[in-house]
There are 2 protein chains.
Amino acid sequence: MKRIKLEIAYDGTDYCGWQLQPGLPTVEAQINKALSALLGEEITVIGASRTDSGVHARGNVAVFDTETRIPPQKICLAVNQRLPEDIRVQSSIEVATDFHPRKVKCRKTYEYRILNRNIALPMERLYSNFVYYSLDMGAMQRAAGYLVGEHDYKSFCSVKTQVKDTIRTIYQLSVRKEEDIIIISVTGSGFLYNMVRIIAGTLIEVGRGAIPPEHMTAILQGCDRSLAGPTAPPQGLTLMNIDYITDNIE
Amino acid sequence: MKRIKLEIAYDGTDYCGWQLQPGLPTVEAQINKALSALLGEEITVIGASRTDSGVHARGNVAVFDTETRIPPQKICLAVNQRLPEDIRVQSSIEVATDFHPRKVKCRKTYEYRILNRNIALPMERLYSNFVYYSLDMGAMQRAAGYLVGEHDYKSFCSVKTQVKDTIRTIYQLSVRKEEDIIIISVTGSGFLYNMVRIIAGTLIEVGRGAIPPEHMTAILQGCDRSLAGPTAPPQGLTLMNIDYITDNIE
């Protein structure tokens, strides 16, 4: 028995998120179906990150166990033949049989894209959040600085979750502009439910002048969701990659 | 009576091209419907460029005549409220009543995007042509150089057209790379049917070593469609903008 780790890219537009939900189209359901058909075994993957409906990925991670004799690196191309075009496995490697993608320490990087111009661009509508009012990049960058480090991010967590420990570490949080797209890039030890979208929504409030950058400290310390900005819409968010310190048995 | 010029961006994925076709979804049909509803007049636009099914635009141009008292610049935002999200008018200005977008001299710029990596990326599938084998950028750039200037581009024109005069001028044709996207950018006085997609298909053949760059001269001189490469698929193509020397009456 081997455990295989997949890196998976997908366009979340047409899916009700990653996680299996009976009767609904999900990325996990597509992956399970394609792997089961390819390998002739009943496969159920364990995903690293349960992205929400409409959220995209460049490098989500999932593992599964198999008896197959197909070389691990070749599973990637073979399974892509059985997947719809909006899901593409980027790599497949063998990992230790006890490697669990939600239990091993990792760094996750997300990007949140904001299309900031007067009029929307159709080709960006599924992959960015359109904001027509002008945003102060300097203010957003200063606010981002306050959020880096180890903090209790309870104010940046959806009240719809039951999680007790809301302390996380953000290693980097940057705001840059490429033509009329503002890209918020954040790397952390893990993220609370909706955390990146609430950070993005809060930085947008800062950008339009509704919240001063230096209020970030009080928002963090208040540990109250109502202090932060709104949850920015899902289509701007992409899970870029998940770095595990050790995952390859080779 | 005023003539209004629109710059229009659209995602061509779900349309059977620009031009009206009874019973089929086209960009022109959507624009006519939205303008007619907004202005309370029966509007039929004249388009500058009849893009094909699946081809995108950042700045196609269309004009129409109206009796409206809405200020020309405001039509843009008002009509967008009545358009689907995959079409967005970028600007609206008044032009001379005899301005015809296909008869006035202009420079059109197209971009053709090639996703060049081992495995496709789902979020690029509708906006690029995926090529998994490696492409020689230098060879493509040298080949592009031969195509610049005033030439008979009959070899780069679909045989499905009846056009007699196949002489055109290409002002610039560049090939650049941004991460794993190769972008072919071409500006010309006008383009024959499928010309940009045949240029792209030919440059891809050059990139993979099937045609030497210096063969471009013989391909041009041969005036025979079968000498050039295949027509690259539509989703990689975007009409970026159309520059008219004079169009604004102000």
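Above: the structure in question.
Residues numbered from 1 in each chain as written. Chains lettered and ligands numbered in written order. Predicted model: local features only at pLDDT ≥ 70, side-chain atom pairs only at ≥ 80, totals over all residues. Heavy atoms only, no water.

A. How the structure looks around the environment of V175(B). All names here are of chain B. The residue V175 is located in strand β8 (residues 167-178) in this model. Judged by its relative accessible area of 6%, V175 falls in the buried class. For the pair V175 and M137, spaced 38 residues apart in the sequence, the C-alpha separation amounts to 7.3 Å. (Helix = DSSP H or I, 4+ residues; strand = E, 2+ residues; numbered from the N terminus. Buried < 20%, exposed > 50% of the residue type's maximum accessible area, 1.4 Å probe, protein only.)

B. Main features of the interface of chain A and chain B. The interface of chain A with chain B comprises 23 residues on the first partner and 23 residues on the second. Between chain A and chain B the total buried area reaches about 2,000 Å² when both faces are included, carbon and sulfur atoms providing 64% of it. For chain A, the biggest contributors to the area lost against chain B are I119(A), M123(A) and R125(A); these three give 33% of the whole. Applying the counting criterion to the chain A and chain B interface returns two salt bridges. Here D11(A) makes a salt bridge to R125(B), at a shortest N to O gap of 2.9 Å. Applying the counting rule to chain A against chain B returns six residue pairs in polar contact (both at pLDDT 80 or more). Within the residue set of the side of chain A that touches chain B, elements represented by two or more residues are β1 (2-10), β3 (56-66), α2 (72-80) and β4 (87-95) of chain A. Among the residues making up the side of chain A that touches chain B, the classes are represented as twelve nonpolar, four polar and seven charged. (Contact = heavy atoms within 4.5 Å. Buried area = accessible area lost by both parts, 1.4 Å probe. Salt bridge = Lys/Arg side-chain N within 4 Å of Asp/Glu carboxyl O. Polar contact = N/O pair within 3.5 Å; in protein donor to acceptor, adjacent residues only side chain to side chain. Nonpolar A, V, L, I, M, F, W, Y, C, P; charged D, E, K, R; others polar.)

C. A look at the relation of the copies chain A and chain B. Overlaying chain A with chain B gives an RMSD of 0.0 Å, the required rotation being 180° about an axis along which the chain moves by 0.0 Å. Those values place the two copies in the arrangement expected of a two-fold rotation axis. When the interface residues of chain A are mapped onto chain B, 100% of them are again interface residues, pointing to one common binding face. (Least-squares fit on C-alpha atoms with pLDDT ≥ 70 in both.)

D. Representation of the pairing of β4(A) within the structure. Residues and elements named next belong to chain A. Of all the nine residues making up β4, seven are buried; the element is thus mostly covered by neighbouring parts of the structure. Both β1 and β4 contribute to a ladder of eight bridges, which runs antiparallel. Note that in β4 the partner of I8 across the bridge is V89. (Pairing = 2+ DSSP bridges.)

E. Highlighting the environment of C106(A). For C106(A), the location among the structural elements is in strand β5 (residues 106-116). The spacing of C106(A) and A48(A) is 58 residues in sequence and 10.0 Å in space, taken between C-alpha atoms.

F. Structural view of helix α2 (residues 72-80) of chain B. All names here are of chain B. Of all the residues in α2, the buried ones are P72, I75, C76, V79 and N80. The buried side chains of α2 occupy one side of the element, clustering within an arc of 115° when seen end-on. Exposed side chains of α2 directed beyond 90 degrees from the buried face belong to K74 and L77. Looking at the packing, one finds that the buried side of α2 touches β1 (2-10), α1 (27-39), β3 (56-66) and β4 (87-95). (Arc of directions from axis to C-beta.)

G. Region of the structure containing the pairing of β5(A). All names here are of chain A. Within β5, nine of the eleven residues are buried, which leaves it mostly tucked inside the rest of the structure. Note: β5 against strand β10 (residues 237-244), seven bridges, orientation antiparallel. In the sheet register, T109 faces β10, and the bridge partner there is N241. Taken together, the eight bridges between β5 and strand β9 (residues 181-188) define a ladder with antiparallel strand orientation. Residue pairing across strands places L115 opposite I181, the latter belonging to β9. Pairing of β5 with strand β6 (residues 129-131), which is carried by three bridges, proceeds in the parallel orientation. In the sheet register, N116 faces β6, and the bridge partner there is V131.

H. Representation of the packing of α1(B) against α2(B). Residues and elements named next belong to chain B. Contact geometry for α1 and α2: axes closest at 10 Å, N-to-C directions at 110°. Taken together, α1 and α2 sit at an angle that is classed as roughly perpendicular. For the pair formed by α1 and α2, the contact residues are A34, L35 and L38 on the first element and I75, A78 and V79 on the second. Across the contact of α1 with α2, the residue classes tally to six nonpolar, no polar and no charged. (Axes fitted to C-alpha atoms, helices over the stretch in contact; angles between N-to-C directions. Parallel < 35°, antiparallel > 145°, perpendicular 65-115°, else oblique.)

It is worth stressing that arrangement in space is one thing and function is another; only the former is reported here.
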